[in-house]
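# Residue-level structural notes
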Amino acid sequence: MTTTTTDPTKTKDNMDPPFHISIIGGGIIGLNLALGLLNRNISVTIYEQAHEIKEIGAGIGISFGIQECMRELDPRIPEMLPRIAVLGPDTLQWVDASSTTEDFGLRGEGKLFDMRLPMGEGFYLCHRAELCNELVKLLPEGCLRLGKRLDGFEQGSENAKVVMSFTDGTKVEADAVIGCDGIKSRVRNLLLGDENPASKPHYAKESAYRSLISMSKASSILGSYSSVLTLWIGHGASIVTFPLSNNKYLNVAAFVQDNNKDGWPDYHKHTVQASKAEIMHAFADFNPRIRRLFEELPDEQNRWGIFDTLDYPLESYAYGCVAVAGDAAHGSTPHHGMGAGMGIEDALVLRTVLERAKQKLSADPAATSKKIALSRAFETFDSIRRERSQWLVASSRRQGQLVKWGVPEIRNKEDFVRDTQERISKLYGYDWRLMVKQSIEDYEKRTERKDR
Ligand SMILES: Cc1cc2nc3c(=O)[nH]c(=O)nc-3n(C[C@H](O)[C@H](O)[C@H](O)COP(=O)(O)OP(=O)(O)OC[C@H]3O[C@@H](n4cnc5c(N)ncnc54)[C@H](O)[C@@H]3O)c2cc1C
């Protein structure tokens, strides 16, 4: 017989918590959210399917605004960043590599780039796994449960808890569950059912090849471009290059628009085997220096299918006492490098509204039920976050097309910069303080209106 366990009943101030939150997924968002909740004495446990936090993905850029959100969640988070991160560029720089005749190695120092856009100072670059490992170190013992893969859950009626079941056969109950389980979220899938297309991410008609090339070879081909983040654009394909591991390697991510009507071969495998010949074919119309760079790649390659949630967006991020956040709610293509940042903004709103719910329940436990207080908190989260985060998904898709000269109305550098600038300023110039204020106001309105 399976017994259902309940998670810790005391917070660090040794008080009985008014509710306990379970987070599914110990990625960047689950970890930031847990630290933010603990910082306000909200009882929380993270369930992560992996047996250890290991290397997934490569570099992550964290803008100054997102570092401020992290500081709000828990001041120790941005404090540890300088230990594991390096300061990234303060400007985005593009080179049009679609000319097969120009030798951009002959460009003068001030003319290396065709388009430039400042994006603000204080941008940190770090490795995703290192960031997660440092976040884990900030958690109290017992808060992160590894090797726990969520399989299902049930939301009971009034005053019943959410009962989660894991693939190891165990069951655990919590007052509310937040799915931070990434783009292929099991929580989203369970909420909507397999038949609903929004329960899964969909192929964004683009794939990528990722490699490391030794810096000695890369710099002999690309010259000074190899020492800075460079965005190479062309017809139907684009490339991002930047130095990695103390300039030992050049990190190369080559993106190719996919016009194949059959779509991605296998939804369950986001990576398939590929070859250097395939890459050379895809970049046949690119500048000869780029083709020389790709000649350095090993013959065996992987092709990574890019999925997002644009075609079938979620209609809500809140389902009673269950919510989804981060990539689970709004997985996007990587062209803005802001997926994690968007999830950290989510975490700050969730922390804000759950803190309000806690205050209300502690002040007058008879005024409302836990279930109502928590589901209203999630309704506010949905109303504050859905529009902006789904805008990111759409804007990132557009950026992916733009860097492949694939947006029909944009044909020249001036229009490219203007179009990108508008969207970049919406991303990096976001007023997160106003977001927090609006979250509080929205939650208060919801509770006032319905409490009467
Ligand atoms: C190439 C690339 C570059 C990027 N660059 C940037 C960047 O510069 N800046 C930026 O902000 N973002 C960037 N992103 C996006 C960023 O990586 C993601 O948005 C972010 O990692 C999402 O975090 P998450 O916690 O929501 O999901 P994930 O990081 O996917 O974490 C989900 C976690 O849930 C766990 N999980 C899944 N299913 C279950 C289950 N059933 N039970 C228990 N646990 C489960 C997983 O094991 C995983 O640990 C980039 C993405 C890519 C692909």
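This is a predicted model, so every value here is computed, not measured. (Residues numbered from 1 in each chain as written. Predicted model: local features only at pLDDT ≥ 70, side-chain atom pairs only at ≥ 80, totals over all residues. Heavy atoms only, no water.)

The domain architecture assigned to the chain consists of domain 1 (4-88 + 123-201 + 311-402 + 429-451) and domain 2 (111-115 + 202-308). Put simply, the middle of domain 1 and the middle of domain 2, counted by C-alpha atoms, are 32 Å apart. Of the residues lining the interface, 14 residues belong to domain 1; the matching set on domain 2 comes to 13 residues. Overall, the association of domain 1 and domain 2 removes approximately 1,400 Å² of surface from exposure, summing both partners, and the carbon and sulfur fraction of that is 58%. Together, Lys184, Pro201 and Arg397 form the three largest contributors to the area buried by domain 1 at its contact with domain 2, with a combined 35%. Summed over the shared surface of domain 1 and domain 2, the result is 2 salt bridges. Asp311 is the partner of Lys205 in a salt bridge, and the nearest nitrogen-oxygen pair spans 3.6 Å. Across the domain 1-domain 2 interface, the total number found is 5 residue pairs in polar contact (both at pLDDT 80 or more). The residue inventory of the side of domain 1 that touches domain 2, partitioned by class, reads 6 nonpolar, 4 polar and 4 charged. (Domains from an automatic or database assignment. Contact = heavy atoms within 4.5 Å. Buried area = accessible area lost by both parts, 1.4 Å probe. Salt bridge = Lys/Arg side-chain N within 4 Å of Asp/Glu carboxyl O. Polar contact = N/O pair within 3.5 Å; in protein donor to acceptor, adjacent residues only side chain to side chain. Nonpolar A, V, L, I, M, F, W, Y, C, P; charged D, E, K, R; others polar.)

With that settled, consider the site of the ligand. Of all residues adjacent to the ligand, which total 29 residues, the nearest are Glu48, Gly61, Arg128, Asp327 and Gly337. A distance of 3.1 Å is found between an oxygen atom of the ligand and a backbone nitrogen or oxygen belonging to Ile29. Taking Gly341, its main chain carries an N or O atom lying 3.0 Å from an oxygen atom of the ligand. About the coverage of the ligand: the protein hides 82% of its 1,000 Å² of free accessible area. For the shell around the ligand, the per-class residue count stands at 11 nonpolar, 10 polar and 8 charged. (Near = heavy atom within 4 Å. Areas by Shrake-Rupley, 256 points an atom, 1.4 Å probe, with all protein chains shown as cover.)

Moving on, we get to the sheet that holds strand E4 (residues 59-62). Pairing in this open sheet of 3 strands is antiparallel, and the strands run E4-E8-E5 from one edge to the other. The open sheet terminates on both sides in strands that have one partner only, identified here as E4 and strand E5 (86-87). Against the sheet, helix H3 (residues 76-84) touches E4, E5 and strand E8 (124-127), its axis set at about 75° to E8. (Pairing = 2+ DSSP bridges. Helix = DSSP H or I, 4+ residues; strand = E, 2+ residues; numbered from the N terminus. Axes fitted to C-alpha atoms, helices over the stretch in contact; angles between N-to-C directions.)

What follows is about the nonpolar core. Ranked by size, the top nonpolar core spans 102 residues in total, and within it Ile21, Met164, Leu354 and Phe416 carry the most contacts. If you tally residues by element for this core, the top one is helix H10 (residues 339-363), at 11 residues. Counting contributing residues, this core receives three or more from each of domain 1 (4-88 + 123-201 + 311-402 + 429-451) and domain 2 (111-115 + 202-308). The residues contacting Met164, other than those within four sequence positions of it, are Ser22, Ile24, Tyr47, Leu150, Gly152, Phe153, Thr170, Lys171, Val172, Glu173, Ala174 and Val177. Counting residues in each nonpolar core, the second largest holds 28 residues, with Val95, Ala237, Val252 and Leu293 among its members. (Core = buried A, V, L, I, M, F, W, Y, C linked by side-chain atoms within 4.5 Å. Buried < 20%, exposed > 50% of the residue type's maximum accessible area, 1.4 Å probe, protein only.)

Here we come to the packing of helix H11 (residues 370-402) against helix H12 (residues 413-428). For the pair H11 and H12, interaxial distance at closest approach is 11 Å and the crossing angle is 155°. As summarised for this structure, H11 and H12 are arranged roughly antiparallel, according to the angle between their axes. Crossing geometry of H11 relative to H12 is assigned as left-handed. Residues Arg388, Trp391, Leu392, Ser395, Arg398, Gln399 and Leu402 of H11 pack against Phe416, Asp419, Thr420, Arg423, Lys426 and Leu427 of H12. (Parallel < 35°, antiparallel > 145°, perpendicular 65-115°, else oblique. Left-handed = near helix turned anticlockwise from the far one by under 90°.)

This part takes up the UniProt feature "transmembrane region" (unreviewed entry) in the chain. As recorded in UniProt, the sites labelled "transmembrane region" (unreviewed entry) are residues 19-38. Taken end to end, residues 19-38 comprises 55% helix and 25% strand; its first and last C-alpha atoms sit 13 Å apart. (UniProt positions renumbered as here; feature names shortened; annotations may be inferred.)

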